[in-house]
Amino acid sequence: MSLTLVFAFILVLSAAGFVLGKRKALASVNGNSKHLHSLPNYYGWNVAIYAFLPALLCLLAWLIIQPIVVERQLSGLLAANEATTATPALESDLTLQMADVRRLATGLDTAVAKGTLTGDEAAKLRTEFGNVREKLATAGVALGSDVTPTILAAAQSYREMSATGAMGRAVLAIVVSVIGFIYALRLTGKDFRARNSVERVILALLVLASTIAILTTVGIVLSMFSESLRFFSMYPASEFFFGLTWAPNFAGDSDFGLAPLLWGTLYISLVSMLVAVPIGLFAAIYLAEYASPRVRSIVKPLIEIIAGIPTVVFGLFALVTVGPFLRDWFAAPFGFGNSGSSVMTAGIVIGILNIPFISSLADDIINAVPQSMRDGSLGIGATKSETIKQVVLPAALPGIVGAILLAASRAIGETMIVTMGAGAAAKLDLNPFEAMTTITVKIVSQLTGDTEFNSPETLVAFALGMTLFVITLGLNIFALYIVRRYKEQYE
Amino acid sequence: MSDAIMKPASVAAAPIKSSLLVQHQLMKKRNAAEARFKIYGVVAIVVSLATLFIMLWTIFSDGVSAFRQATLTFPVTLEQTILDPNGKAAPADLAKVTTIGYGRVLASSFKSHLAARNISIEGVNDKALNELISRDAPAQLRNMVLTDPSLIGKTIDFSGYAGGRIDGYLKGRVTMETAKLDSNITPEQLQLADRLREAGILTTQFNTGFLTNPDASDQRPEASGLGIAILGSIYMMVMVTIMVLPLGVAASIYLEEFAPKNRFTDLVEVNISNLAAVPSIVFGILGLAIFINFAELPQSSSIVGALVITLMTLPTIIIATRAAIRAVPPSIRDAALGVGASKMQTVFHHVLPLASPGIMTGTILGLATALGETAPLLLIGMVAFVANYPSSPLEGGILEPATALPVQVYSWASRSDPAFIERSSGAIIVLLGMLVVMNVIAIMLRRRFERRW
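Note that this is a predicted model, so its numbers are computed, not measured.

**Let's talk about the overall build of chain B**
Then step 1. Check the secondary structure of chain B and you find 20 helices and three strands.
Then step 2. Its C-alpha radius of gyration of 32 Å places chain B more than 25% over the 22 Å reference for a compact globule of 453 residues.
Then step 3. The proportion of buried residues among the 453 residues of chain B is 42%.
Then step 4. Restricting to contacts in chain B with at least 6 residues of sequence separation, those with at least 24 account for 76%.

Here is the structure:
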């Protein structure tokens with residue numbers, strides 16, 4: 001029984017539950033809803049929820065658990081076979097074989113669906129009776145390599161287990177749904193507190209929704225941590241963190257030294273901060289302290305437009321305009337090199353991207369400085385700029401530092417601009433007009449296209465991602481800590 | 001003036017010299033500093049607005065031409081001997097004739113039409129003549145015939161794309177000088193193009209194909225379009241809305257109205273604010289590891305893109321929604337509770353409807369940011385070349401490969417032919433247009449429904 005059909009059955013049952021539950025509740029008080037504990041609809045909802053939710057949970061649990069169980073059994077089977085042929089099975093071999101098994105099993109499924117094989121034939125197919133690969137090719141299923149008997153047997157038992165699993169899943173879901181339906185309907189009566197029951201479920205759903213944020217973090221950390229560990233089991237961690245060369249080679253024998261990437265990332269972020277901090281800060285000061293309300297109401301939204309433009313647009317700007325401009329007017333005439341993509345290109349453009357970020361944060365912070373402090377300073381004869389420099393900015397400093405740190409973390413994690421504007425050469429160089437590369441660029445280039453996660457060449461991206469995550473998270477937490485401490489001073 | 005050389009220290013010692021009419025040296029300095037400081041601020045604002053303007057201007061001037069396309073219009077005789085040798089107009093027979101056959105039909109018609117109009121240029125042979133027509137035109141013609149087989153044997157007025165270089169020539173991207181260095185085009189061909197233009201055969205027309213065509217290969221920039229990218233972006237945005245809105249609103253309601261103050265809710269709060277600042281590419285890695293590698297959803301499908309973007313926008317939406325809920329005054333809650341509503345009824349019947357304009361505004365702005373997100377989509381394979389439209393969502397279209405607008409911008413920008421830079425900029429114009437529409441809706445919602453309590 002297909003998943004949609006089971007799901008449809010559960011839905012129909014709970015819809016029926018709603019109608020019947022409401023009717024039964026009203027019948028229990030002879031149609032006078034005043035004598036019910038809750039509004040009539042709540043009784044309906046209660047039955048519907050009981051028929052729907054547990055069944056859905058069973059369905060989901062089964063969907064998650066079944067593949068795990070099947071894989072475990074099959075890898076046992078495969079490993080046993082390996083043991084008899086006396087070649088020790090590596091874990092990566094096993095995952096490769098599992099992928100083969102899965103591909104073959106789906107291949108058989110398509111062949112059956114297309115009618116080139118009957119279900120029975122697919123189950124009894126043997127490698128001894130002709131080439132399986134060719135047979136499947138006639139059904140339009142392309143297989144990478146020839147099929148060994150072990151793999152075929154495994155694929156067939158995989159199909160068998162999946163079929164049994166689907167059957168069990170359907171039966172379980174329907175039974176649970178019916179039980180829930182009957183149980184809730186029996187509860188329904190004039191003294192049953194349907195509203196409380198329904199509200200408990202809603203509250204549980206609300207709690208569930210708010211834990212998604214935590215689950216996301218857990219997911220990020222777990223996925224990156226486990227894959228990074230796999231990477232470090234293939235490549236020494238000390239060489240990753242302290243190595244000075246980055247030379248991935250998909251044929252093997254690669255060097256993954258973090259240093260050139262980290263240097264590129266920090267160098268580009270430094271350039272971007274040199275652009276964004278003065279411009280953003282002065283813009284914020286002008287808007288907060290000097291501009292008339294009219295100017296402010298026009299200029300502030302205009303600057304914030306920059307923040308609404310997608311980063312890929314800035315990337316194209318770096319690639320087409322800023323890069324060639326810097327190359328032709330600065331790098332080439334002064335002998336700094338001949339590269340359009342460079343640290344300067346990416347840094348300047350990221351700086352522009354960060355201007356509105358710094359200016360609007362700094363603007364808020366400057367506005368939060370109490371007016372009395374300004375009045376005091378102006379009253380003893382300081383000029384406006386002296387007041388700003390000597391009173392307002394020192395008072396706002398922790399907040400501004402926090403804003404700068406947040407902007408730095410954004411610059412470090414920025415991807416599209418550096419992918420399009422910084423180049424791909426991993427090197428340790430001081431010349432800002434040279435192409436350099438960053439952690440994010442390398443994550444993109446190592447993970448685009450090939451996604452068989454078995455070689456250190458792809459797994460290194462997870463180690464890079466984790467490094468990036470730790471750096472930005474650290475900066476964020478530090479920044480929020482500073483901002484929060486500052487806020488407490490005036491409230 | 002004598003006090004022009006005086007030092008500030010001695011000024012303090014001799015206050016008699018100061019006057020209301022003549023500004024003091026120190027005061028002058030302080031005022032100059034004041035003016036300088038103010039100018040710095042003006043310069044900062046001018047610089048940032050100027051870069052914004054330059055950026056938009058370069059992109060618009062590069063991209064606007066993508067909406068116009070050089071088109072060749074000439075009569076084509078659809079010879080039956082080539083296109084339908086059996087003469088039965090059976091669909092199976094027609095489908096057997098490839099674009100090569102149609103290419104020959106086009107080439108011969110084009111040649112005879114030029115001969116009839118008496119247009120020729122020295123040094124342009126048949127092959128060079130044929131290169132003026134886009135490699136996509138035969139496919140265009142073939143589709144026309146396959147949809148209406150009765151055309152065979154007739155002479156129709158056909159208009160198809162001109163080649164990419166000719167298109168570039170009309171738009172000023174290709175000149176006689178560059179043509180000399182370019183192996184794909186000769187100056188003679190450009191002269192011929194000039195003649196064709198005078199004769200009205202070569203025109204520029206509004207390019208609807210740019211908005212509806214799928215992407216095309218490196219050699220056919222003139223045929224590439226945004227159709228799949230726009231559709232993919234729409235699929236993703238609809239799915240993101242369906243997922244992120246209930247989740248975000250539910251989470252915000254809990255945190256704002258029900259959550260007790262304890263370790264768990266503190267953890268959730270810190271988590272949300274930190275997740276909002278995690279680089280987007282990290283979410284791409286998450287999507288790759290969990291949705292593609294673990295859950296085995298198909299690569300480059302729009303459902304995976306939507307899931308990743310949902311997780312990424314969720315914190316932003318939660319922050320905006322909580323602000324909207326917090327803006328509903330406590331008196332509303334007190335009144336509802338006072339007449340006997342349960343806490344749940346208060347929230348769902350009163351607080352939520354009152355907060356909904358704010359929630360909608362926040363959500364639309366969050367979605368606008370999500371629409372432009374590129375980096376995570378690269379990792380889940382949406383950068384792959386997609387030639388076929390995904391089917392409708394009901395037929396599993398969300399599981400089929402698709403691409404998205406910002407990703408299309410990136411993949412065109414990374415191709416070598418400069419014609420793709422024009423396409424890329426044109427795609428940005430479409431993207432920015434969509435963003436402007438979303439932002440305008442958000443602003444209008446805010447204006448129309450915003451209430452000050």
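Let us keep going from here.
**Considerations on the overall build of chain A**
Then step 1. The secondary structure content of chain A amounts to 17 helices and two strands.
Then step 2. By residue count, 42% of the 491 residues in chain A fall in the buried class.
Then step 3. Partitioning the intrachain contacts of chain A with sequence separation of at least 6 by distance along the chain shows that 75% fall at a separation of at least 24.

**A word on the interface of chain A and chain B**
Then step 1. Facing 69 residues of chain A, the contacting portion of chain B comprises 70 residues.
Then step 2. Partitioned by chemical class, the residues of the side of chain A that touches chain B number 45 nonpolar, 20 polar and four charged.

**A few points about the nonpolar core**
Then step 1. Ranked by internal contacts, the top residues of the largest apolar core, which has 184 residues, are Leu316(A), Val349(A), Ile358(A) and Ile285(B).
Then step 2. Sorting elements by how many residues they give to this core places helix α9 (residues 258-290) of chain A first, with 20 residues.
Then step 3. The next biggest cluster of nonpolar side chains, apart from the first, holds 32 residues, and it includes Ile133(B), Phe158(B), Ile166(B) and Ala193(B).

**Points about the sheet that holds strand β1 (residues 68-77) of chain B**
Two strands in a sheet stick together by hydrogen bonds in their backbones, pointing the same way (parallel) or opposite ways (antiparallel).
All names here are of chain B.
Then step 1. On the basis of which strands lie adjacent, the open sheet formed by three strands has the order β2-β1-β3 and antiparallel pairing. Only two strands of the sheet have a single partner each, and these edge strands are β2 (155-161) and β3 (202-206). Direction aside, the axes of adjacent strands within the sheet are offset by 40° on average.

**Structural notes on the packing of helix α10 (residues 293-308) of chain A against helix α2 (residues 25-63) of chain B**
Then step 1. Here α10(A) crosses α2(B) at 50°, and the two axes come no closer than 10 Å. Between α10(A) and α2(B), the angle falls in the class oblique. Helix-helix and strand crossings are classified by hand; for α10(A) and α2(B) the assignment is left-handed. Contact residues: Val299(A), Leu302(A), Ile303(A), Ile305(A) and Ile306(A) in α10(A); Ile45(B), Ser48(B), Leu49(B) and Leu52(B) in α2(B).
Then step 2. Partitioned by chemical class, the residues of the contact of α10(A) with α2(B) number eight nonpolar, one polar and no charged.

**Comments concerning helix α5 (residues 99-117) of chain B**
All names here are of chain B.
Then step 1. For α5, spanning 19 residues, the distance from its first C-alpha to its last is 26 Å, which sits close to the expected 27 Å at 1.5 Å a residue.
Then step 2. Among the residues of α5, those classed as buried are Tyr102, Val105, Leu106, Ser109, Phe110 and Leu114. Here the buried residues of α5 occupy an arc of 155° about the axis, which is enough to place them on one side. Projecting away from the buried face of α5 at angles above 90 degrees are the exposed residues Ile100 and Ala115.
Then step 3. Close packing links the buried residues of α5 with β1, α3 (80-83), α6 (126-130) and α7 (137-147).
Then step 4. After α5 finishes, the residue Asn118 shows a positive phi value of roughly 65°.

**Points about the pairing of β1(B)**
As a general feature of sheets, a regular strand has side chains that alternate between the two faces.
All names here are of chain B.
Then step 1. One ladder, built from five bridges, connects β1 with β3; its direction is antiparallel. The residue bridging Gln69 from the neighbouring strand is Gln205, located in β3.
Then step 2. As judged from the seven bridges shared by β1 and β2, these two strands associate in the antiparallel manner. Looking at β2, one finds that Thr73 is bridged to Ser159.

**Quick notes on the environment of Ser226(A)**
Residue and element names in this part refer to chain A.
Then step 1. Take Ser226: it is sitting in helix α7 (residues 194-234).
Then step 2. Under the C-beta neighbour-count criterion, Ser226 is labelled exposed, with 12 such atoms within 10 Å.
Then step 3. Residues Ser226 and Ile388, spaced 162 residues apart in sequence, show a C-alpha to C-alpha distance of 50 Å.

**Side note on the confidence of the model for chain B**
Residues and elements named next belong to chain B.
Then step 1. Here chain B averages 84 in pLDDT, while 95% of its residues score no lower than 70.
Then step 2. For chain B, per-element mean pLDDT is lowest for helix α1 (residues 8-13), which scores 49, and highest for helix α16 (residues 330-338), which scores 94.
Then step 3. Interface predicted TM-score (ipTM) for the complex: 0.87; the corresponding pTM is 0.85.

**Concerning the environment of Leu262(A)**
Then step 1. With respect to the helices and strands, Leu262(A) occurs in helix α9.
Then step 2. Leu262(A) sits 239 residues away from Arg23(A) along the chain, and the two C-alpha atoms are 68 Å apart.

**So, the packing of helix α11 (residues 311-331) of chain A against helix α19 (residues 405-413) of chain B**
Then step 1. At a minimum axis separation of 9 Å, α11(A) and α19(B) run at an interaxial angle of 15°. With respect to each other, α11(A) and α19(B) are oriented roughly parallel. Handedness of the α11(A)/α19(B) crossing: left-handed. In contact with Val312(A), Gly315(A), Leu316(A) and Leu319(A) of α11(A), α19(B) contributes Pro406(B), Val409(B), Tyr410(B) and Ala413(B).

**Considering unusual backbone geometry**
Then step 1. Even without glycine at this site, Asn30(A) takes up a positive phi of about 55°.
Then step 2. Along the polypeptide, Asn30(A) turns up in the loop between α1 (3-28) and α2 (40-84).
Then step 3. Positive phi is not limited to glycine here, since Ser300(B) has a value of about 50°.
Then step 4. Among the secondary structure elements, Ser300(B) is positioned in the loop between α14 (280-294) and α15 (302-326).

**Some thoughts on the environment of Phe317(A)**
Then step 1. Among the structural elements, Phe317(A) can be located in helix α11.
Then step 2. What makes Phe317(A) buried here is the crowd of 27 C-beta atoms within 10 Å.
Then step 3. Along the primary structure Phe317(A) and Gly243(A) are separated by 74 residues, whereas in three dimensions their C-alpha atoms are 34 Å apart.
Then step 4. With sequence-adjacent residues up to four places away left out, Phe317(A) is seen in contact with Val322(A), Val349(A), Met55(B), Thr58(B) and Ile59(B).

Cut-off values and rules
Residues numbered from 1 in each chain as written. Chains lettered and ligands numbered in written order. Predicted model: local features only at pLDDT ≥ 70, side-chain atom pairs only at ≥ 80, totals over all residues. Helix = DSSP H or I, 4+ residues; strand = E, 2+ residues; numbered from the N terminus. Rg over C-alpha atoms; globule rule 2.2 N^0.38 Å. Buried ≥ 20, exposed ≤ 12 C-beta atoms within 10 Å, placed from the backbone. Contact = placed C-beta atoms within 7 Å. Nonpolar A, V, L, I, M, F, W, Y, C, P; charged D, E, K, R; others polar. Core = buried A, V, L, I, M, F, W, Y, C linked by C-beta atoms within 7 Å. Pairing = 2+ DSSP bridges. Axes fitted to C-alpha atoms, helices over the stretch in contact; angles between N-to-C directions. Parallel < 35°, antiparallel > 145°, perpendicular 65-115°, else oblique. Left-handed = near helix turned anticlockwise from the far one by under 90°. Expected span 1.5 Å × (residues − 1). Arc of directions from axis to C-beta. pLDDT = per-residue confidence, 0-100.

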